[in-house]
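# Observations on the model geometry
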Amino acid sequence: MKILFCTSEMYPYAKTGGLADVAQSLPEALRKKEKVYTLLPLYQTINREKFNIEYANLTFDYTLDGVVHQFDLFINTKNKYELFIYNPILCDRDGLYFDDFGDFGDNALRFGLFSYACIEVMLQMPLDIDVIHLNDWQTSLIALLAKTQYQLSQKIILTIHNLAYQGVFPKDVMSALNISWEECFRPEALEYHDQVNFLKAGIFYSDHVTTVSPTYAAEIQTPLFGNDLDDVLKANSYKLQGILNGISYEIFDPKKDDMIYKNFGVKTYESKDENKQQLLKEIGFVECDKPLFVFIGRFTHQKGIELLIENFNFFKDFEANFIVLGSGEEHYNTVFNNISVSYPNVYIKVGYDESFARKMYAGADFLVMPSLFEPCGLNQMICMKYGTVPIVAKTGGLKDSVTDFTDIDYTALKGYMGIGITYEEHNIFWFMHAIAKALSLYGNHKKFEKISKHNMKVDHSWKQSSKKYIELYES
Ligand code: ADP
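All values derive from a computational prediction rather than experimental measurement.

All right, on to the nonpolar core then. Residues Ile 85, Ile 132, Phe 312 and Phe 366 are the most contacted members of the largest nonpolar core, which totals 174 residues. Each of domain 1 (2-246 + 463-474) and domain 2 (271-457) accounts for three or more of the residues forming this core. Non-local contacts of Phe 366, meaning those with residues more than four positions away in its chain, are made with Pro 291, Leu 292, Phe 293, Val 294, Thr 388, Val 389, Ile 391, Ile 421, Ala 438, Leu 441, Tyr 442 and Phe 448.

So this is what it looks like as structure tokens:
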């Protein structure tokens, strides 16, 4: 079976969040059984030399709205299943989707071009593909093009990594992208409040839709989590399925991660503490026996940032240290930059720093994820591999991967279920209660260590979930 996996981000080439991790690790896992080609824009920020990316002797044009667009195909010479598309409008930017001034104004055209290019590459190589696997709104238009103007026979699967991002644009992009008004500008297809919605079209035109955890698959069919597409998802529920994401233990493994201070595993657990000590030393903290809480993530409403910001006053009084790493919306960046000077036990780093993130996963005792919603969440899975105990809101994939330490039935615990602290409602009372539970757990160090070691052994690799994708492709 041959799969074409189309994505707008992929680690280590281009990453803004979890999609990049999944786009690297899922194809890697699937390749044990299937032939999986990945197709990614060759953004100008990608270092071609470092990653052995070379021109693949294919250049083609596509004319849209009277404009001729040129595309060049590139390939990773060390892994010939990794393909890249270069087109100046799509790729020559400082960011993937936005810069300091906000979203790029031509994202509809950029990812429309990418969608045409994916189909053209598949046909012109030719790749002899059976299934096209799409990811999020950036590649959703492929489903529409495949089923309308190209009339392709390939089956299409769309994975929704985050329903909050839908690719909504003014309807005049229809003509710019040469999309049939009559056929596609319909309420059940691309039309959305007199605009166009790429993700909605992807849901309608794909043969199957997956999302990244079973709980999120159910949540998005309700008004609270449906981002105004709950009715669309309910109408398409017959082809909607939740498959829990995995992570790559080739990348996230404290035994071999070369970004952390000292490697460790369950058998060399003592070395975890050295990571904590070194991390605290690096940031200039002196009281190193206190529990260390960390937050890593995009600064956006979804991640529960307000809860953190509004309650920093409380953190200062806890017998604990806190490190926050993140970046995102400008107003949050500013607030965090201002907070960082005011608290002796709080260190804040505004920015994106893969290596510092790994040091935090390795050195922390607890990782907090106060998300309002979380399609799957990878941070909790990563931190558990590094023996760090997650404190999570009971939503989406967090609910499917972490159970509270106070209500565990150890004998019934499934191999993929981690142990942490979970809380029900998104408010300060529940959150502070969760932190207090963490402090008390830390006080019982034997129990803490047992949970930490259990989490290191939990299997969040793609082993189980990739089987579900293979079953799906084969069906
Ligand atoms: P989302 O995709 O919603 O951002 P996920 O939990 O699915 O969240 O994935 C987040 C990924 O991005 C993880 O690999 C996490 O370590 C990483 N990450 C997020 N913010 C940062 C940051 N500021 N620096 C380094 N890595 C980050």
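The end-to-end C-alpha separation of helix 17 (residues 428-443) is 22 Å, in line with the 22 Å expected for 16 residues at 1.5 Å each. Where helix 17 is concerned, the buried positions are Phe 431, Met 432, Ala 434, Ile 435, Lys 437, Ala 438, Leu 441 and Tyr 442. Its side-chain oxygen 3.1 Å from the backbone nitrogen of Phe 429, Asn 427 forms the N-cap of helix 17.

With that out of the way, let us pick up the site of the ligand. In the neighbourhood of the ligand, 20 residues make up the surrounding shell, with Gly 18, Asp 21, Arg 298, Lys 303 and Tyr 361 lying closest. The separation between an oxygen atom of the ligand and a polar side-chain atom of Lys 15 is 3.0 Å. Across the complex, the protein chains shield 93% of the 570 Å² of accessible surface that the ligand would expose by itself. Listed by contribution, the elements that provide at least two residues to the shell around the ligand are helix 1 (18-30), strand 15 (292-299), strand 16 (321-328), helix 14 (354-363) and helix 15 (379-385). Taken together, the residues of the shell around the ligand break down into 7 nonpolar, 7 polar and 6 charged. Split by domain, the residues of the shell around the ligand number at least three in each of domain 1 (2-246 + 463-474) and domain 2 (271-457).

Turning next to the layout of surface pockets. Space inside the second largest pocket adds up to approximately 320 Å³. In terms of lining residues, the second largest pocket is bounded by 15 residues, among which Ala 29, Lys 32, Trp 462, Lys 463 and Ser 466 are the most central. For the lining of the second largest pocket, the secondary-structure elements that each account for two or more residues are helix 1 and helix 19 (463-474). Considering each element in turn, the lining of the second largest pocket owes the most residues, 4 residues, to helix 19. Its residues assigned to classes, the lining of the second largest pocket comprises 5 nonpolar, 4 polar and 6 charged.

Turning our attention to the packing of helix 3 (residues 107-124) against helix 4 (residues 136-147). Two numbers describe a pair of packed helices, the interaxial angle and the distance between the axes. At their nearest, the axes of helix 3 and helix 4 sit 8 Å apart, and the two run at 55 degrees to each other. With respect to helix 4, the axis of helix 3 lies oblique. For the element pair helix 3 and helix 4, the recorded crossing hand is right-handed. Listed contacts from helix 4 to Asn 107, Phe 111, Gly 112, Phe 114, Ser 115, Tyr 116, Cys 118 and Ile 119 of helix 3 are Trp 137, Gln 138, Thr 139, Leu 141, Ile 142, Leu 145 and Ala 146.

Turning next to empty space enclosed by the protein. Considering all chains together, one arrives at 3 cavities of 30 Å³ or more under this definition. Approximately 70 Å³ is the volume found for the largest cavity. Phe 293, Val 294, Phe 295, Leu 308, Phe 312, Phe 315, Phe 322, Ile 323, Val 324, Val 368, Phe 431 and Ile 435 are the residues that line the largest cavity. Counting residues per element, the ones that place at least two in the lining of the largest cavity are strand 15, helix 12 (312-317), strand 16 and helix 17. Class assignment for the residues of the lining of the largest cavity results in 12 nonpolar, no polar and no charged. Taken together, Phe 295, Ile 296, Gly 297, Lys 303, Val 368, Met 369, Ser 371 and Asn 379 form the lining of the second largest cavity. Elements supplying a minimum of two residues to the lining of the second largest cavity: strand 15 and strand 18 (366-369). With 3 residues, strand 15 is the single largest residue contributor to the lining of the second largest cavity. For the lining of the second largest cavity, the residue count by class is 4 nonpolar, 3 polar and 1 charged.

Moving on: the packing of aromatic side chains. Taken as a whole and assessed by the stated rule, the structure comprises 28 aromatic pairs. Taken together, Phe 293, Phe 315, Phe 322, Phe 366, Tyr 423, Phe 431, Tyr 442 and Phe 448 form an aromatic cluster joined through their ring pairs. Arg 93 extends its terminal NZ or CZ atom over the ring of Phe 104, reaching a point 5.0 Å from the ring centre.

Right, let's talk about the sheet that holds strand 11 (residues 191-192) for a bit. Pairing between sheet strands relies on hydrogen bonds along the backbone, with the strands arranged either parallel or antiparallel. In spatial order, the strands read 10-12-11; together these 3 strands make up an open sheet with antiparallel pairing. Single-partner strands in this sheet number two, and they are strand 10 (168-170) and strand 11. Where strand 11 and strand 12 (residues 195-197) come together, 2 bridges link them in antiparallel fashion. Residue pairing in the sheet places Glu 191 in a bridge with Val 196 of strand 12.

Here we come to the state of the cysteines. All told, the structure shown has 0 disulfides when counted by the stated rule. No disulfide involves Cys 118; its sulfur sits 3.8 Å from the nearest other cysteine sulfur, which is in Cys 6. Counting only cysteine sulfurs, Cys 376 is the nearest neighbor of Cys 383, a cysteine outside any disulfide, at a range of 13 Å. With relative accessibility at 0%, the residue Cys 383 sits in the buried group.

Glancing now at the domain arrangement of the chain. Segmentation of the chain into domains returns domain 1 (2-246 + 463-474) and domain 2 (271-457). Contact residues are listed per partner, giving 20 residues for domain 1 and 17 residues for domain 2. For the pair domain 1 and domain 2, the summed buried area comes to about 1,400 Å², and 57% of that belongs to carbon and sulfur atoms. Contact with domain 2 buries area across many residues of domain 1, yet Lys 15, Thr 215 and Leu 244 alone supply 27% of it, more than any other trio. With its nearest N and O atoms 3.6 Å apart, the salt bridge here joins Glu 354 to Lys 15. For the pair domain 1 and domain 2, the number of links is 8 residue pairs in polar contact (both at pLDDT 80 or more). Those elements giving two or more residues to the side of domain 1 that touches domain 2 turn out to be helix 1 and helix 8 (214-219). Taken together, the residues of the side of domain 1 that touches domain 2 break down into 9 nonpolar, 8 polar and 3 charged.

Parameters at a glance
- Residues numbered from 1 in each chain as written.
- Predicted model: local features only at pLDDT ≥ 70, side-chain atom pairs only at ≥ 80, totals over all residues.
- Heavy atoms only, no water.
- Core = buried A, V, L, I, M, F, W, Y, C linked by side-chain atoms within 4.5 Å.
- Buried < 20%, exposed > 50% of the residue type's maximum accessible area, 1.4 Å probe, protein only.
- Domains from an automatic or database assignment.
- Contact = heavy atoms within 4.5 Å.
- Helix = DSSP H or I, 4+ residues; strand = E, 2+ residues; numbered from the N terminus.
- Expected span 1.5 Å × (residues − 1).
- Polar contact = N/O pair within 3.5 Å; in protein donor to acceptor, adjacent residues only side chain to side chain.
- Near = heavy atom within 4 Å.
- Areas by Shrake-Rupley, 256 points an atom, 1.4 Å probe, with all protein chains shown as cover.
- Nonpolar A, V, L, I, M, F, W, Y, C, P; charged D, E, K, R; others polar.
- 1 Å grid on protein atoms, 1.4 Å probe; cavity = no way out; pocket = protein on both sides within 12 Å on 5 of 7 lines; lining within 4 Å.
- Points joined across faces, edges and corners; volume = space filled by probe spheres on them.
- Axes fitted to C-alpha atoms, helices over the stretch in contact; angles between N-to-C directions.
- Parallel < 35°, antiparallel > 145°, perpendicular 65-115°, else oblique.
- Left-handed = near helix turned anticlockwise from the far one by under 90°.
- Phe/Tyr/Trp six-rings, centres within 6.5 Å; stacked < 30°, edge-to-face > 60°.
- Lys NZ or Arg CZ within 6 Å of the ring centre and 35° of its normal.
- Pairing = 2+ DSSP bridges.
- Disulfide = S-S within 2.5 Å.
- Buried area = accessible area lost by both parts, 1.4 Å probe.
- Salt bridge = Lys/Arg side-chain N within 4 Å of Asp/Glu carboxyl O.

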